[in-house]
Amino acid sequence: MNIKIQNFGENLLNRPSGREAFLMAKAYIFKDIKPGEEIVLDFEEIKVMTPSWLDEFITGIKTEFNNELKYINTENPSVSASLKTVLS
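Residues numbered from 1 in each chain as written. Predicted model: local features only at pLDDT ≥ 70, side-chain atom pairs only at ≥ 80, totals over all residues. Heavy atoms only, no water.

Things to note about the pattern of salt bridges
- According to the stated counting rule, one finds 7 salt bridges in the structure shown.
- For Glu44, the salt bridge identified is with Lys4, shortest N-O distance 3.7 Å. Highlighted residues: Glu44 in the loop between strand S3 (39–42) and strand S4 (48–49) and Lys4 in strand S1 (residues 2–4), separated in sequence by 40 residues.
- Classification of Glu44 as partly exposed rests on a relative accessible area of 39%.
- You can call Lys4 partly exposed: its relative accessible area is 38%.
- When the shortest N-O distance is used, the salt bridge between Glu64 and Lys26 registers 3.4 Å. (Salt bridge = Lys/Arg side-chain N within 4 Å of Asp/Glu carboxyl O. Helix = DSSP H or I, 4+ residues; strand = E, 2+ residues; numbered from the N terminus. Buried < 20%, exposed > 50% of the residue type's maximum accessible area, 1.4 Å probe, protein only.)

A closer look at the UniProt feature "domain: DUF4325" (unreviewed entry) in the protein chain
- Following the UniProt record, one finds the feature "domain: DUF4325" (unreviewed entry) at residues 27–78.
- The span residues 27–78 is 35% helix and 19% strand, and its two end C-alpha atoms sit 27 Å from each other. (UniProt positions renumbered as here; feature names shortened; annotations may be inferred.)

What to know about the nonpolar core
- Counting residues in each nonpolar core, the largest one holds 24 residues, and the members touching the most others are Ile5, Leu41 and Phe57.
- Mapped by element, the contributors of at least two residues to this core are helix H1 (15–28), S3, helix H2 (51–64) and helix H3 (77–87).
- Counting residues per element, this core draws most heavily on H2, which supplies 5 residues. (Core = buried A, V, L, I, M, F, W, Y, C linked by side-chain atoms within 4.5 Å.)

Some remarks on the sheet that holds S3
- Spatial ordering of the open sheet is given by S1-S3-S5, a layout of 3 strands whose pairing is parallel. Edge strands, defined here as strands with exactly one partner in the open sheet, are S1 and strand S5 (69–72). Here the strands of the sheet are splayed against their neighbours by 25° on average, with no regard to which way each runs.
- Pairing analysis gives 3 bridges linking S1 to S3, with the strands arranged parallel. Within S3, the residue paired with Ile3 across the bridge is Leu41. (Pairing = 2+ DSSP bridges. Axes fitted to C-alpha atoms, helices over the stretch in contact; angles between N-to-C directions.)

Structural notes on unusual backbone geometry
- The backbone phi angle of Glu45 is positive, close to 70°, even though this residue is not glycine.
- Within the secondary structure layout, Glu45 lies in the loop between S3 and S4.
- The phi torsion at Asn73 lies on the positive side, around 55°, for a residue other than glycine.

Describing the packing of aromatic side chains
- For the structure shown, the criterion picks out 5 aromatic pairs.
- Ring geometry for Phe8 against Trp53: centres 6.3 Å apart, planes inclined by 50°, an arrangement best described as tilted. Of this pair, Phe8 sits in the loop between S1 and strand S2 (11–12) while Trp53 sits in helix H2, and the two are 45 residues apart along the sequence. Across the pair, exposure class does not vary: Phe8 and Trp53 are buried alike.
- Residues Phe30 and Phe65 carry aromatic rings whose centres are separated by 5.1 Å and whose planes lie at 55° to one another, so their mutual orientation is tilted. Residue Phe30 is found in the loop between H1 and S3, and its partner Phe65 is found in the loop between H2 and S5; the two are separated by 35 residues along the sequence.
- Put simply, the rings of Phe8, Phe22, Trp53 and Phe57 pair up and form one aromatic cluster. (Phe/Tyr/Trp six-rings, centres within 6.5 Å; stacked < 30°, edge-to-face > 60°.)

Take a look at the structure:
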């Protein structure tokens, strides 16, 4: 399953909006996910992202699902720094 993070906005800045994005994804996107299906988070066209937004989104996924996560299009310095902070 490929999730375009851009669908949640180009500037992803705070913890409440990260939580809201996860809850929306849980209700509308993840409802059809199969056990063992890989979740690919695609960060293409993201301009700004904070670790707090990403932490809420990824923690929600990891809490609700046992699926493997993959990250693509992470070249943006804001995205790569946020991933490094959240995943370490």
